[in-house]
Amino acid sequence: MRMNRLLAISVSAASVALLLGACSSKSSSSTKQDITMPSTQELSTIDLSKSTALDTFNTLNNTNEGLYRLGKNSKAEPGIAKSESVSKDELTYTYTLRNNAKWSNGDPVTAQDFVYSWKRTVNPKTGSQYSYLFSGVKNADAISSNKKSVNTLGIKALGKYKLQVTLEKKIPYFKLLLGFPVFFPQDQKVVNKYGSNYGTRSSRMVYNGPFKLTGWNGTGTTWTLKKNNNYWDKKNVKLNQIKYQVVKDNSTALNQYNQKKLTGVALSGAQAKNVKGQSDYESLMTSSCYYLSLNQKMKLFKNQKIREAFSMAINRKVLVNKVLDDGSIATGSFVSKGLATNPKTGKDFTEDASYPASDSYNPTKAKQLWQAGLKELGMSGKSIDLTLLAGDDDSTKEVTQYLQSSLEKHLPGLKVTNNNLPSANVLAKQSSHSFQITLSDWFADFSDPITFLNILTTGNTSNQSQWSNATYDKLIKASSTTDANDPEARWQDMVKAQNILLKDAGIAPLYQSASPWLMNQKLKGLIYNTAGANYNFKSAYMK
């Protein structure tokens, strides 16, 4: 999913779980179960069919619930589904839903709510950028390409509390998908009531999870997650409320934490360096990749030598060690380190992949490629003015300033102007490809390499650079069709696909981010997962 430094290194509105040990289920009745957290960015839409940003997904993950809820280490735990049965060919799943699950408005959560939600997301008219995740559900691909009616989707209600899902092929990570907010139910009555305004305010939405969102007017800088008294398992929810406020300035946020106005605070690299020895400090790696997307509909970026030059002009080690300095690691891989291992050898995906010269810093070669590329394009000697689009938080500004300096220094005649905007504006421009260069990011939706590789297939709505390669597309397709039931063959499909992407300089991977925080050590029981919606507050409490 996109984050756009979209939530900066701090990970998001729900980014809080750092001290995760000692997860006792007991809490002190004398302790006020309220916490206040910072967010580096405003919320975007809370319409789960249309959301793309991690801050929103983390909010949805705590205010709503699907068939499963992802617990520690991404283990699928019972959510709305009380039980599951699977056919011998593993293509038909039947779920019995609990009959005591309700929406925050009192409506029962039914099988039809899942049917409606899935069909709404897959329907091309909705414009969901996540509809591709339903690939493998019967007819989902045909529906997305307008070849079949949305009513043919492989999901149906067998009764008020019985749901059946039919697949076209085995999906190795199917349970993980079901714990991701895009697969959650929606109350059709509420969607119809608000129409185009659905999900644009906290009051224009209903919730079936541990908390409900309140106090968000669609553009505001404060909101609150309050305990949902209609939640089926409310007895195990300890926190009464989680207050959020947008604080984009790192110094301001740190001061508020030190004054005990915030329960936790995300840190910049410089701040992290100064407090690394404190007991309330921790830095977590994320399953992410920050990368440059060069708009390949432009004449300039259709040239591979130009794309390689941009990649080679950036010293990734300086970027992570001097600019970020927060535990992030330099990378030449799109798929993140630590996400998945070879089913046969146990080697990390990043070890199996190969890396071209363009993934390494080489200013001399970058200059040569730049000049050669311009010559091929008939643009030699011309001044090239480009704009770099990115978020407006402090950390992102520092990153874009470094990128601006490096690119201008090593690519003669290039002038880069930074355009740092609020996350919602950045997302809109990235989605419509209204940029020349942008600092993109992707955070794993589940623990499988395909969560990264899928988005760069031809025509994918999250393919911001609009890079296209037929062989790459075939390999990704094979990984989910002909080779879906052969773990090693599927793995090699994905490795070969990334190798093609990198050799062609389809994107320029830069770094895998870390999330440094100071956190009140009284906060316990919070679950953190590196992929998907990272934070699960259901069992969190103040000791």
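Before reading on, note that the structure itself is shown above.
Residues numbered from 1 in each chain as written. Predicted model: local features only at pLDDT ≥ 70, side-chain atom pairs only at ≥ 80, totals over all residues. Heavy atoms only, no water.

Looking now at the overall build of the protein chain. In terms of helices and strands, the protein chain carries 16 helices and 23 strands. Considering only C-alpha atoms, the protein chain reaches an extent of 70 × 60 × 45 Å along its principal axes. Considering the protein chain as a whole, with its 543 residues, one finds that 60% of them fall into the buried category. Intrachain contacts of the protein chain at a sequence separation of at least 6 include 73% that bridge at least 24 residues. Counting every atom, the protein chain has about 20,500 Å² of accessible surface; 46% of that belongs to carbon and sulfur. Averaged over its 68 positive side-chain charges, the protein chain has a centre that lies 4 Å from the centre of its 41 negative ones. (Helix = DSSP H or I, 4+ residues; strand = E, 2+ residues; numbered from the N terminus. Buried < 20%, exposed > 50% of the residue type's maximum accessible area, 1.4 Å probe, protein only. Contact = heavy atoms within 4.5 Å. Areas by Shrake-Rupley, 256 points an atom, 1.4 Å probe, with all protein chains shown as cover. Lys, Arg positive; Asp, Glu negative; His and termini not counted. Charge placed at Lys NZ, Arg CZ, Asp CG, Glu CD.)

With that out of the way, let us pick up the sheet that holds strand β5 (residues 92-97). Strand pairing in a sheet relies on backbone hydrogen bonds. The paired strands run either parallel or antiparallel. The strand order across the open sheet built from four strands is β4-β5-β7-β6, with neighbouring strands paired in antiparallel fashion. What marks the edges here is a single partner per strand, and that holds for β4 (81-86) and β6 (155-159). Pairs of neighbouring strands in the sheet enclose a mean axial angle of 25°, with direction left out of account. Pairing of β6 with strand β7 (residues 162-166) involves four bridges; the strand directions are antiparallel. Bridge pairing links Ile155 to Val165 in β7. Along the sheet face, helix α2 (residues 111-122) touches β5, β6 and β7 and points at about 170° away from the line of β6. (Pairing = 2+ DSSP bridges. Axes fitted to C-alpha atoms, helices over the stretch in contact; angles between N-to-C directions.)

Moving on, we come to the sheet that holds strand β9 (residues 222-227). Taken in spatial order, the four strands line up as β1-β10-β9-β8 in an open sheet, and their pairing is mixed. On the outer flanks of this sheet lie β1 (34-39) and β8 (211-214), each paired with one strand and no other. Within this sheet the neighbouring strands show an average axis-to-axis angle of 20°, counted without direction. Packed onto the sheet, helix α1 (residues 54-63) meets β8 and β9 and runs at close to 130° relative to β8.

Under the defined criterion, the tally for this structure stands at 23 aromatic pairs. Considering the side-chain rings of Tyr93 and Tyr95, the 6.3 Å spacing of their centres and the 15° angle between planes classify their relative orientation as stacked. Geometrically, the ring pair formed by Tyr130 and Trp442 is stacked, given 6.0 Å between the ring centres and 20° between the ring planes. Taken together, the positions of Tyr130 in the loop between α2 and α3 (140-144) and Trp442 in strand β17 (residues 437-443) put the pair 312 residues apart, joining distant regions of the chain. Taken individually, Tyr130 and Trp442 each receive the classification buried, so the pair is uniform in this respect. Grouped by ring-pair contacts, the aromatic residues Phe57, Tyr130, Tyr132, Phe180 and Trp442 constitute a single cluster. (Phe/Tyr/Trp six-rings, centres within 6.5 Å; stacked < 30°, edge-to-face > 60°.)

This brings us to the pattern of salt bridges. As a working rule, side chains carrying opposite charge can pair if their charged atoms are close by. What the rule picks out here adds up to 13 salt bridges. In this structure, the salt-bridge partner of Asp47 is Arg120, at a minimum N-O distance of 2.8 Å. Taken as a pair, Asp47 in the loop between β1 and α1 and Arg120 in helix α2 lie far apart in primary sequence, 73 residues in all. Residue Asp47 is classed as buried on the basis of its relative accessible area, which comes to 1%. As a salt-bridge pair, Arg490 and Asp448 come within 2.9 Å of each other at their nearest N and O atoms. Here the residue Arg490 occupies a position in helix α16 (residues 487-503), and Asp448 occupies one in the loop between β17 and α14 (450-453), the gap between them amounting to 42 residues. Overlapping salt bridges bring together Glu42, Lys248 and Asp392 as one network. (Salt bridge = Lys/Arg side-chain N within 4 Å of Asp/Glu carboxyl O.)

This part is about the layout of surface pockets. The space that makes up the largest pocket amounts to roughly 750 Å³. If you trace the largest pocket, you find 26 residues lining it, with Tyr132, Ser135, Asp141, Asn454 and Thr457 closest to the centre. Contributions of two or more residues to the lining of the largest pocket are made by α3 and α15 (470-479). The leading source of residues in the lining of the largest pocket is α3, at four residues. (1 Å grid on protein atoms, 1.4 Å probe; cavity = no way out; pocket = protein on both sides within 12 Å on 5 of 7 lines; lining within 4 Å. Points joined across faces, edges and corners; volume = space filled by probe spheres on them.)

Turning next to α15. Taken together, the buried positions of α15 are Tyr472, Leu475, Ile476, Ala478 and Ser479. The buried residues of α15 occupy an angular sector of 160° when the element is viewed end-on, so they sit on one face. When the buried face of α15 is taken as reference, the exposed residues oriented beyond 90 degrees from it are Ala470, Lys474 and Lys477. If you check the start of α15, you find a side-chain oxygen 3.0 Å away from the backbone N of Thr471, and it comes from Asn469. (Arc of directions from axis to C-beta. Polar contact = N/O pair within 3.5 Å; in protein donor to acceptor, adjacent residues only side chain to side chain.)

Now for the side chain of Asn454. Turning to its location among the elements, Asn454 is positioned in the loop between α14 and α15. Ignoring sequence-local partners within four residues, the contact set of Asn454 consists of Tyr132, Asn460 and Ile476.

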